[in-house]
Amino acid sequence: MERIIVTEDGSHSLYSDLFNQQYHSLQGALTESLHIYIELGLRPILEESAITVNVFEMGLGTGLNALLAWQLADELKKKIYFTSVEAFPVLAEEASLLNYESLTNREGLLRLHTVSWATDHELSPYFTFRKEHTLLQNFSSEHLFHVIFYDAFDPRAQPELWTDEIFTKIAGYSHDGAVLVTYSSKGIVKRALVAGGFQVKRHKGPGRKTHVLKAVKL
Ligand SMILES: C[S@@+](CC[C@H](N)C(=O)[O-])C[C@H]1O[C@@H](n2cnc3c(N)ncnc32)[C@H](O)[C@@H]1O
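Residues numbered from 1 in each chain as written. Predicted model: local features only at pLDDT ≥ 70, side-chain atom pairs only at ≥ 80, totals over all residues. Heavy atoms only, no water.

Undergrad: Can you explain the packing of aromatic side chains? Please cite residues and give values.
TA: The final tally for this structure, using the stated rule, is 18 aromatic pairs. Relative to Phe 145, the ring of Phe 56 has its centre 5.2 Å away and its plane inclined at 40°; by these criteria the two rings are tilted. A residue pair is termed long-range when its members are at least 10 positions apart, and Phe 56 in strand 4 (residues 53-58) and Phe 145 in strand 8 (residues 145-150) qualify at 89 residues. Given a relative accessible area of 0%, Phe 56 falls into the buried group. Here Phe 82 and Phe 127 contribute two aromatic rings whose centre-to-centre distance is 5.7 Å and whose plane-to-plane angle is 45°, an arrangement assigned as tilted. (Phe/Tyr/Trp six-rings, centres within 6.5 Å; stacked < 30°, edge-to-face > 60°. Helix = DSSP H or I, 4+ residues; strand = E, 2+ residues; numbered from the N terminus. Buried < 20%, exposed > 50% of the residue type's maximum accessible area, 1.4 Å probe, protein only.)

Structure (structure tokens):
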């Protein structure tokens, strides 16, 4: 079991003993997810799109980003096909203790954790969910993605997930013009994204975090 922590906005996060990392910013898990993945990454594309938006998430983790994407799809009545990879899944018992459903007024977190792997699940008329139990390094896709939530643990903890090769591979299963958002604005991350074929821009981060990144596949 991971350890549950309470972040500054009152939302829960988990602490991974395996990686010595928390799953979200201590300044606020929900605030971070909404700011970076939903408002900066997903909403602008989803609002404009007349077709199903394919979203790829690196690291399902607690399921918070996926739950918020599902909520936005239903709210806007726009279709999302959401794929998440996760190599070290959170236990359902543990996910059931997280306070995201009450904070977002949105049910469904447990379903994200209990549905079967490697199968498409139509969780609502607007949200189809698929999760792959694999290392990102071994993932490939026949779908091309429009939005990428890049939510790996910190580059210091997992440098192998922030390399030129990784972002080149991700670019290979992304549409031209696809948007990748991530919380890390470190120099090595920017350089690896550029080497992978993305144009990178810094944006204001949530709370006291100065910058996050939004990258566009060229
Ligand atoms: C920062 S957390 C993700 C947080 C998540 N997006 C959320 O909304 O809670 C990073 C996740 O990546 C997973 N992970 C670590 N190494 C991985 C790898 N090589 N391939 C796939 N998943 C990995 C971890 O188990 C963890 O769940």
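Undergrad: How would you explain the pattern of salt bridges if you had to name every residue and give the values?
TA: Pairing between side chains of opposite charge can happen when the charged atoms of each approach one another. Within this structure, the stated rule accounts for 10 salt bridges. As a salt-bridge pair, Asp 176 and Lys 217 come within 3.1 Å of each other at their nearest N and O atoms. Pair noted here: Asp 176 is in strand 9 (residues 174-182) and Lys 217 is in strand 11 (residues 211-217), with a separation of 41 residues, a long-range link. Several salt bridges share partner residues, and in doing so they unite Glu 39, Arg 43, Glu 47 and Glu 75 into one network. (Salt bridge = Lys/Arg side-chain N within 4 Å of Asp/Glu carboxyl O.)

Undergrad: Give me the site of the ligand: which residues, what numbers.
TA: Around the ligand sit 23 residues in total, of which Gly 59, Thr 62, Glu 86, Leu 136 and Asp 151 are the nearest. Contact between the ligand and Gln 137: a nitrogen atom at 3.0 Å from a side-chain N or O atom of the residue. Gln 158 is positioned with one of its side-chain polar atoms (N or O) 3.0 Å from a nitrogen atom of the ligand. Mapped by element, the contributors of at least two residues to the shell around the ligand are strand 4 and helix 2 (64-76). Its residues assigned to classes, the shell around the ligand comprises 11 nonpolar, nine polar and three charged. (Near = heavy atom within 4 Å. Polar contact = N/O pair within 3.5 Å; in protein donor to acceptor, adjacent residues only side chain to side chain. Nonpolar A, V, L, I, M, F, W, Y, C, P; charged D, E, K, R; others polar.)

Undergrad: Got a sec to walk through the packing of helix 6 (residues 164-172) against helix 7 (residues 187-195)? Specific residues and values, please.
TA: Packing of helix 6 against helix 7 leaves a shortest axis separation of 7 Å and a crossing angle of 45°. Classed by the angle they form, the pair helix 6 and helix 7 counts as oblique. Judged by the sense of rotation from one axis to the other, the crossing of helix 6 with helix 7 is right-handed. Taken together, the residues of helix 7 that come into contact with helix 6 (itself represented by Asp 164, Phe 167 and Thr 168) are Arg 191, Ala 192, Leu 193 and Ala 195. (Axes fitted to C-alpha atoms, helices over the stretch in contact; angles between N-to-C directions. Parallel < 35°, antiparallel > 145°, perpendicular 65-115°, else oblique. Left-handed = near helix turned anticlockwise from the far one by under 90°. Contact = heavy atoms within 4.5 Å.)

Undergrad: Tell me about the packing of helix 1 (residues 29-48) against helix 2, and name the residues and values.
TA: Following both chains from N to C, one finds helix 1 and helix 2 inclined at 40°, their axes separated by 10 Å at the closest point. The pairing of helix 1 with helix 2 is recorded here as oblique in orientation. For helix 1 against helix 2, the interelement crossing comes out right-handed. In this structure, helix 1 uses Ala 29, Leu 30, Ser 33, Leu 34, Tyr 37, Ile 38, Leu 42, Arg 43, Leu 46 and Glu 47 to contact helix 2, whose residues at the interface are Leu 64, Asn 65, Leu 68, Ala 69, Leu 72, Ala 73, Glu 75 and Leu 76. Among the residues forming the contact of helix 1 with helix 2, the class breakdown is 13 nonpolar, two polar and three charged.

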